Amino acid sequence: MRIAIDHTLTVAFPFVRPRATLALRVTPEDGHDQTISGWRIGPDCDARLRATRDGYGNVLTMVYAEGPIDGIEFHVTGEVFTGPSSGILSAAHPEPLPPSLFLRASADIAPDLSAMATEAGLAASDAVERLHLVNVALHRRTDDAENDWLVTALVIAARKLSHPARFVSGYLADGGGARPHVWAEVHVPGIGWIGFDPALGLSVGEDHARVASALDLVGVAMVSGG
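Calculation rules
- Residues numbered from 1 in each chain as written.
- Predicted model: local features only at pLDDT ≥ 70, side-chain atom pairs only at ≥ 80, totals over all residues.
- Heavy atoms only, no water.
- Pairing = 2+ DSSP bridges.
- Helix = DSSP H or I, 4+ residues; strand = E, 2+ residues; numbered from the N terminus.
- Buried < 20%, exposed > 50% of the residue type's maximum accessible area, 1.4 Å probe, protein only.
- Arc of directions from axis to C-beta.
- Contact = heavy atoms within 4.5 Å.
- Axes fitted to C-alpha atoms, helices over the stretch in contact; angles between N-to-C directions.
- Parallel < 35°, antiparallel > 145°, perpendicular 65-115°, else oblique.
- Left-handed = near helix turned anticlockwise from the far one by under 90°.
- Nonpolar A, V, L, I, M, F, W, Y, C, P; charged D, E, K, R; others polar.
- Salt bridge = Lys/Arg side-chain N within 4 Å of Asp/Glu carboxyl O.

### Focus: the pairing of strand β1 (residues 2-24)
One ladder, built from 18 bridges, connects β1 with strand β4 (residues 59-82); its direction is antiparallel. Bridge pairing links Ala4 to Glu79 in β4. Taken together, the 3 bridges between β1 and strand β10 (residues 223-225) define a ladder with antiparallel strand orientation. Each residue of the ladder has a partner; that of Leu22, found in β10, is Gly225.

### Considering helix α1 (residues 111-121)
Think of an α-helix as turning once every 3.6 residues; residues three or four places apart then point the same way. All of the buried residues along α1 are Leu113, Ser114, Ala117, Thr118 and Gly121. The arc that holds the buried residues of α1, viewed along the axis, is 135°, so those residues lie on one side. The exposed set on the far side of α1, more than 90 degrees from its buried face, consists of Asp112 and Glu119. Looking at the buried side of α1, the elements it contacts are α2 (127-139) and α3 (147-160).

### With respect to the packing of α1 against α3
At a minimum axis distance of 8 Å, the contact between α1 and α3 shows a crossing angle of 50°. Viewed along their axes, α1 and α3 adopt a mutual orientation that is oblique. Handedness of the crossing formed by α1 with α3: right-handed. Residue-level contacts link Leu113, Ser114, Ala117 and Thr118 of α1 to Trp149, Leu150, Ala153, Ile156, Ala157 and Lys160 of α3. Among the residues making up the contact of α1 with α3, the classes are represented as 7 nonpolar, 2 polar and 1 charged.

### Considering the pattern of salt bridges
Overall, the coordinates contain 9 salt bridges when judged by the stated rule. Across the salt bridge formed by Glu66 and Arg19, the nearest N and O atoms sit 3.8 Å from each other. Placement of Glu66 in strand β4 and of Arg19 in strand β1 is noted, with a sequence separation of 47 residues between them. Relative accessible area serves as the criterion here: at 58%, Glu66 is assigned to the exposed category. The partner of Glu95 in a salt bridge is Arg166, and the shortest N-O contact between them spans 2.9 Å. Of this pair, Glu95 sits in the loop between β4 and α1 while Arg166 sits in strand β5 (residues 165-174); the two residues are 71 residues apart in sequence, bridging distant segments of the chain.

In structure tokens, the structure reads:
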């Protein structure tokens, strides 16, 4: 599937600064599951961009801009070509950290949702079926819960059920284009990392372009720093 990315990321500072340093996580990476073409990050000011990686192995773009400056606007464009994956992240994907790290507790912004999701998962003994039940149960709450809450509840529930789980950011195909999106990946022994999207109630598919993964939402934020 061809996913065309064309979106604007706006960063506003609370006061004028003499300079700014930002970290962007907006760039997907070539892999077995996706191929990137014509990727470009265009700031609206004179800025220096440097590509590096964060501690989770995600592509990180450091931005250094001289002021005085009260904000920066980035125009992000490119194409991602994805293939069918059944939600399973390719075993060839580089993993600098062990799955056990992602059993570590992180802030639960939706404890009622995570408790409900955990209870839903207890109805199955098979690991994959259990996680699908969690995902579907949370999908039924899309009308009264924000996506960040749903993904957080899925990650927390999976960890309570003894499955390493992490947050993932990227883009979701939407009509003729795509929009920034967040979902979860859960590690199942013998299979690997499987993506679940509670906003859709389904496993992650070729309409998802993966950018970054981390222990918590802060770690996959598209922009950080100041």
